[in-house]
Amino acid sequence: MRTIAELEAKLAEPSEALVKDIAAIDGDIMLLGIGGKMGPSLARLAQNALKQAGVSKKIYGASRFSDKELKAELEADGIETIKVDLLNDNELQSLPDVKNVIYMAGNKFGTTGNEHFTWAMNSYLPGRVAEKYKNSRIVVFSTGNVYPLVPVFSGGATEDTPPGANGEYGMSCLGRERVFESFSHRYGIPMAIYRLNYAIDLRYGVLLEIAKSVKAGLPVDVSMGHFNVVWQGDANEWALRCLNVCSTPPAVFNMSGPETLSMRWVAREFAKRFGTEANIVGTEADTALLSNCSKAHKTFGYPRVSIMQMIDWIAEWVEQGGKTWNKPTHFQEREGKY
């Protein structure tokens, strides 16, 4: 992939399993918070799956849409966009009623010093959304940050691992889950909690950050020495397929790739492709933010894009100076301060 158009096309390629699953979903689909990193490609993926399935459904995308170009692009792709401030209750209540909701709204970066807004977005708003969509099924985007750091050789936190969020961002995300869970019990709302870390594409993510450091000869600090990643196309597909496995109480899924990846190994793989040496500093800690995603892989299958394919794509993208987003993941953070 050498252009944004090629990247977006790859992200929007549905699998046969998604085409089958989306055809089985009754009703239209609302993406709340479509303006983030994953929302636009998720919407296009849903549209392509519907076309291949020969099914007619509306895909709505709601966001503040501070980027007017994005709004126009999505509309050109057939997405029905709605400009809305979800924290404005009048605007929230004016949204159309739909059978299927994928909740992607939230706040992470800039939490430190703006904690009040983070809690409002991540823990207060979910209650208002659940009240609005109490007759729908809801897939709730969450994060592996609700878990504590776990031993590297543990295999990662499972869905049965007690939450131990580190820092206000992680705690507010656990608040999001608990509020949605409460309304699921109250109204019998079918839900799925989607705990993701970390999705990547060529423009952002853990692998890109490591690749850029290696290419520039900058130090790669391996203190947070291990992590999980998954290709954004796979992550988007699983989010849509979660609509078929919603339940009361909510079904919970850890979402990422199957490997516990070594940052040292990944840095050296990029160095091979760049014909250089990785400038490794620090010593790997015994713990890391890791998720065991065996339950999701049993339910939805393994990712279609492998870790080696991701490394190859990103190395080529960095070599050619491909467009990137200034949206660092802060995956090295061990104190939960974002």
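As a starting point, this report considers the structure included with it. Here the structure is a predicted model, which means the values were calculated and not measured.

## Observations concerning the overall build of the protein
Broken down by element type, the protein carries 12 helices and 15 strands. Dimensions of the protein along its principal axes, counting C-alpha atoms only, are 55 × 40 × 40 Å. For the protein, with 338 residues in total, the buried portion stands at 54%. Surface exposure of the protein reaches about 13,900 Å², of which carbon and sulfur atoms provide 49%.

## Concerning the sheet that holds strand β1 (residues 29–32)
Read across the sheet, seven strands follow the order β3-β2-β1-β4-β5-β7-β12 without closing on themselves; strand pairing throughout is parallel. Of all strands in the sheet, those bounded by a partner on one side alone are β3 (80–83) and β12 (251–255). When the angles between neighbouring strand axes are averaged without regard to direction, this sheet yields 20 degrees. Across five bridges, the pairing between strand β7 (residues 191–196) and β12 is parallel. Residue Tyr 194 lies in a different strand from β12, and its bridge partner there is Phe 253.

## Details of the packing of helix α2 (residues 16–24) against helix α9 (residues 232–241)
Between α2 and α9, the shortest axis-to-axis distance is 9 Å and the interhelical angle comes to 25 degrees. When the interaxial angle is binned, α2 and α9 end up roughly parallel. When you trace α2 past α9, the crossing you get is left-handed. In this structure, α2 uses Ala 17, Leu 18 and Asp 21 to contact α9, whose residues at the interface are Glu 237, Leu 240 and Arg 241. Class assignment for the residues of the contact of α2 with α9 results in three nonpolar, no polar and three charged.

## Regarding helix α1 (residues 4–11)
Those residues of α1 lying buried are Leu 7, Glu 8 and Leu 11. The arc that holds the buried residues of α1, viewed along the axis, is 95 degrees, so those residues lie on one side. Buried-residue contacts for α1 involve α3 (39–53), β11 (230–231) and α9.

What counts, and where the lines are drawn
- Residues numbered from 1 in each chain as written.
- Predicted model: local features only at pLDDT ≥ 70, side-chain atom pairs only at ≥ 80, totals over all residues.
- Heavy atoms only, no water.
- Helix = DSSP H or I, 4+ residues; strand = E, 2+ residues; numbered from the N terminus.
- Buried < 20%, exposed > 50% of the residue type's maximum accessible area, 1.4 Å probe, protein only.
- Areas by Shrake-Rupley, 256 points an atom, 1.4 Å probe, with all protein chains shown as cover.
- Pairing = 2+ DSSP bridges.
- Axes fitted to C-alpha atoms, helices over the stretch in contact; angles between N-to-C directions.
- Parallel < 35°, antiparallel > 145°, perpendicular 65-115°, else oblique.
- Left-handed = near helix turned anticlockwise from the far one by under 90°.
- Contact = heavy atoms within 4.5 Å.
- Nonpolar A, V, L, I, M, F, W, Y, C, P; charged D, E, K, R; others polar.
- Arc of directions from axis to C-beta.

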